[in-house]
Amino acid sequence: MAGKQVQVRFCVPDLQKERANCSFNKEEITNIFDGGEHNTETRRKLQNIIFSDPNLQDPIPPDYMSHEQRYENELRKAVYVMKKFMTDPQLQDIGGGPEAIKWMYNSILRHAIHKDGNPLMLHFGMFLGAIMGQMSEEQQAEWLPKAMSGEIIGTYTQTELGHGTFLRGLETTATYDPVTDEFIIHSPTITATKWWPGGLGKTSSFAVVMAQLHIRGQNYGPHPFVVQLREHVTHASRPGITVGEIGPRLGLNSNDNGFLRFDNVRIPRTNMVMKHSKVLKDGTYVKPKSAKLSYGVMVLTRVGICYDVCWQLMRATTIATRYAAVRHQSELEVGEAEPQIIEYQTQQYKVLPMIASVYAIWFAADTLRHTYMEVQKNINKGSDLDLLPELHASSCALKALFSTDVTDGISVMRLGCGGHGYLASSNLPRIYTSTTPSQTYEGENTVLWLQVARFLIKSFREASKGGRLQPSVAYFKNHQTQTRRITDLSNSGLVSGYERSVLSMLEAVAKQLQQYSEEGMRYEHAWNACSVRLVNVAKVHARYIVCDQFVKALAKYEGSSGVRQIMDQLCRLYMIYSVTNDQGILLKSGALTPDQCNLLEEELGELLAALRPEAVNLVDAFDLHDEVLDSTLGAWDGDVYNRLYNEAMKSPLNKVDVPDAYYKYLQPLMKSNL
Ligand SMILES: CC/C=C\C/C=C\C/C=C\C/C=C\C/C=C\C/C=C\CCCCC(=O)SCCNC(=O)CCNC(=O)[C@H](O)C(C)(C)COP(=O)(O)OP(=O)(O)OC[C@H]1O[C@@H](n2cnc3c(N)ncnc32)[C@H](O)[C@@H]1OP(=O)(O)O
Ligand SMILES: Cc1cc2nc3c(=O)[nH]c(=O)nc-3n(C[C@H](O)[C@H](O)[C@H](O)COP(=O)(O)OP(=O)(O)OC[C@H]3O[C@@H](n4cnc5c(N)ncnc54)[C@H](O)[C@@H]3O)c2cc1C
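Every value quoted in this text rests on a predicted model; they were computed, and no experiment measured them.

Draft legend 1. Inspection of the overall build of the chain at higher detail. Broken down by element type, the chain carries 24 helices and eleven strands. Taken over C-alpha atoms, the radius of gyration comes to 27 Å for the chain, in line with the 26 Å a tight globule of 674 residues would show. Based on the C-alpha atoms only, the size of the chain along its principal axes is roughly 90 × 75 × 70 Å. Considering the chain as a whole, with its 674 residues, one finds that 43% of them fall into the buried category. Looking at the chain alone, contacts between residues at least 24 apart form 75% of all its contacts between residues at least 6 apart.

Dropping the structure here:
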């Protein structure tokens, strides 16, 4: 390593031993997740600046703050970061740009600085997303500089008290008044109250508002409008606007999720977000190429969520794996020293498949991002929207699958840390409460699965007619005439097993739908009567996509043989873990036999043993800074017990030996019993 300074960092002997023999180049893996060597270098420089900045420290651990203190503390940091990032020459020199903003947002800010939600998250995520993706060029020229500079802060307000899922049921209205060239935004009922949007309660001065567009008595459906909520400078809510915060939630409590009501609020016509649909001055409605283009911000956010949960899983697996290497418990052989808990196969089964899942999610999310960008390019060029159904179905499928897998995975990581995993200082509870809402927001998962099923049933019927199929279901064509049984258990054989199972399930449910229809049931009711099966087939199709993408990503990989080998093992583990979890489905469809399932279970055990020595190195390769982990159990040095003890000392109850509450309540009770 001539010319390079090798930094020697302290870590406990257990971790030293784990790190002593690494069979692959960790840095090469780090570069995969950063998107290249240069990006890794930039991220590390940004981290050093951000984490050494005293303005970004919390004065006391946020867990001991009040609701108001948490909000204020997060807003202070969020505004500081926004200003610093835009003005600090040191940060500009590092090479800011969109990529850097992405890492800043994801791996540094979202997880390390804003531990429990950020009041500006929706401004950067969906308000800017709506401006850039949904506004015409003239509108962007007006709104983008103001939003980027922080002159205005916005959010995305769609969900109402009465409706979140069913967008056509939204009640907020935007009625065009041609006399004044304005829209009148109104909440006609209590259930029309906007409810949930992040940053809405106290932070945002503007919002993109989804409202039913009414022109001359005709309803054209939900459309986005920009509405000013609060005055410039005083920030007082404007006339006709009632806005506030909705109160404590399971997690993300530093983000002021809010409510909002409109009492006939007038906005200029040009505040309708008009890239796709338009209303002209005379009240003429100009239709978009597809009515669903106004849902584009949601699609982008679903893509973003796939990455977001992947980062959460990286954090949880890093914590649980390092802890499993330093924690000793019980005996493998009577009388012998207590082994590291990672020696137990059941513990390996907890952490290793989740490490493999990080890769699986990452590769599939990357492919989805490319589809998103291609569709966006086509929209901007004004060319066809052929890929829109594919993007919608895949983004629904992967957002639903990954948010569920990762939430469940984090829960397993917490259980894998025993009692200490339940402590806030392990950070696993907060990682869990920050991840589980992703199963609800941006499309409740069951509802998204049903959207996927709708796409599958349509495609299945198309395939049987020999019609054109979208890329993710191109496999429907291959299997029309094939037998169900797979004969080889290689990765591509198992992918084919999933394909065959999806087709078998689709065949059965399509038959049931048909039968109900023939019995006179209306299609929508037949659909509802089959919806459990429909959700199940959508899930299996999603798992197929992820397995297929993992295998394809590795086939293209051109890095070193060491990394290639470890990724091959992880891919194999992911495949077998998935297939053995789904074996009931694969057996039922006839894709696998019980003997084949036994062989796979044996191989699973062998893979766990083979990957066990690499576990700590694999999570080290995610290169998550201790500040990003924020965990007593997962820090790089593995000094778990000192960290646990020191964190406990920070409890305000420990400031005094005997608390006031003793004198108020306990002492009288104890005295009276003397
Ligand atoms: C390039 C990107 C790279 C990186 C990404 C980087 C940044 C991303 C930006 C930021 C996010 C980053 C990280 C996120 C991290 C944390 C997130 C933090 C906060 C989260 C905030 C959450 C905010 C919200 O929750 S906003 C509210 C979201 N609400 C919903 O999602 C509602 C769900 N409901 C629906 O989507 C729809 O109502 C429905 C789909 C269920 C039904 O719609 P509708 O009733 O109108 O449809 P139908 O009439 O039934 O018709 C169905 C037909 O329409 C097609 N369809 C539906 N939707 C779409 C779509 N979006 N696109 C295309 N087509 C669509 C459907 O397929 C049917 O077609 P068919 O041909 O008739 O079958
Ligand atoms: C932390 C958090 C942040 C959020 N941020 C925002 C934001 O910034 N902006 C915003 O606009 N919204 C936001 N939301 C709202 C979120 O998008 C909605 O909660 C979500 O879309 C689900 O809608 P809902 O709450 O109306 O649930 P519902 O649709 O009422 O769901 C309740 C149950 O009914 C079932 N169900 C509903 N419809 C169907 C159907 N057709 N078929 C079968 N089952 C069905 C669901 O599966 C679920 O089990 C946020 C929510 C959370 C939790």
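Draft legend 2. Spatial organisation of unusual backbone geometry. A positive phi angle, close to 65°, is found at His235, a residue other than glycine. Note on placement: His235 falls in the loop between β6 (218–228) and β7 (241–245). Of note in this structure, Asp630 is not a glycine but carries a positive phi near 50°. Its place among the elements puts Asp630 in the loop between α22 (626–629) and α23 (640–649).

Draft legend 3. Just helix α15 (residues 491–518), in detail. Taking 1.5 Å per residue as the helical rise, α15 with its 28 residues ought to reach 40 Å, and the 41 Å between its terminal C-alpha atoms agrees with that figure. Immediately beyond the C-terminal end of α15, within one or two residues, lies Gly520, with a positive phi of roughly 100°.

Draft legend 4. Structural detail: the environment of Met373. With respect to the helices and strands, Met373 occurs in helix α10 (residues 345–381). For the pair Met373 and Leu15, spaced 358 residues apart in sequence, the C-alpha to C-alpha distance is 42 Å.

Draft legend 5. Main features of the site of ligand 1. In the region of ligand 1, 34 residues are neighbours, and Gly125, Tyr295, Gly304, Tyr441 and Gly443 sit closest. Listed by contribution, the elements that provide at least two residues to the shell around ligand 1 are α7 (121–134), α9 (296–326), α10, α11 (388–416) and α13 (445–464). Here the shell around ligand 1 is composed, by residue class, of 16 nonpolar, eleven polar and seven charged. The residues that make up the shell around ligand 1 include at least three from each of domain 2 (153–288) and domain 3 (297–619).

Draft legend 6. Structural view of the sheet that holds strand β8 (residues 258–262). Taking strand neighbours across the sheet as the criterion, the three strands line up as β4-β8-β7 in an open arrangement whose pairing is antiparallel. Both edges of this open sheet fall to β4 (194–195) and β7, since each of them pairs with a single strand only. With five bridges joining them, β7 and β8 adopt antiparallel strand pairing. Considered in β8, the bridge of Thr242 is made with Arg261.

Draft legend 7. Quick look at the site of ligand 2. The environment of ligand 2 is formed by 22 residues, the closest being Gln158, Thr159, Gly164, Thr165 and Thr446. Looking at the shell around ligand 2, the elements that each hand over two or more residues are β1 (154–157) and α13. In terms of residue count, the dominant contributor to the shell around ligand 2 is α13 (three residues). Looking at the shell around ligand 2, its residues break down into nine nonpolar, eleven polar and two charged. Lining the shell around ligand 2 are residues from two domains, each supplying at least three of them: domain 2 (153–288) and domain 3 (297–619).

Scoring rules and cut-offs
Residues numbered from 1 in each chain as written. Chains lettered and ligands numbered in written order. Predicted model: local features only at pLDDT ≥ 70, side-chain atom pairs only at ≥ 80, totals over all residues. Helix = DSSP H or I, 4+ residues; strand = E, 2+ residues; numbered from the N terminus. Rg over C-alpha atoms; globule rule 2.2 N^0.38 Å. Buried ≥ 20, exposed ≤ 12 C-beta atoms within 10 Å, placed from the backbone. Contact = placed C-beta atoms within 7 Å. Expected span 1.5 Å × (residues − 1). Near = placed C-beta within 6 Å. Nonpolar A, V, L, I, M, F, W, Y, C, P; charged D, E, K, R; others polar. Domains from an automatic or database assignment. Pairing = 2+ DSSP bridges.

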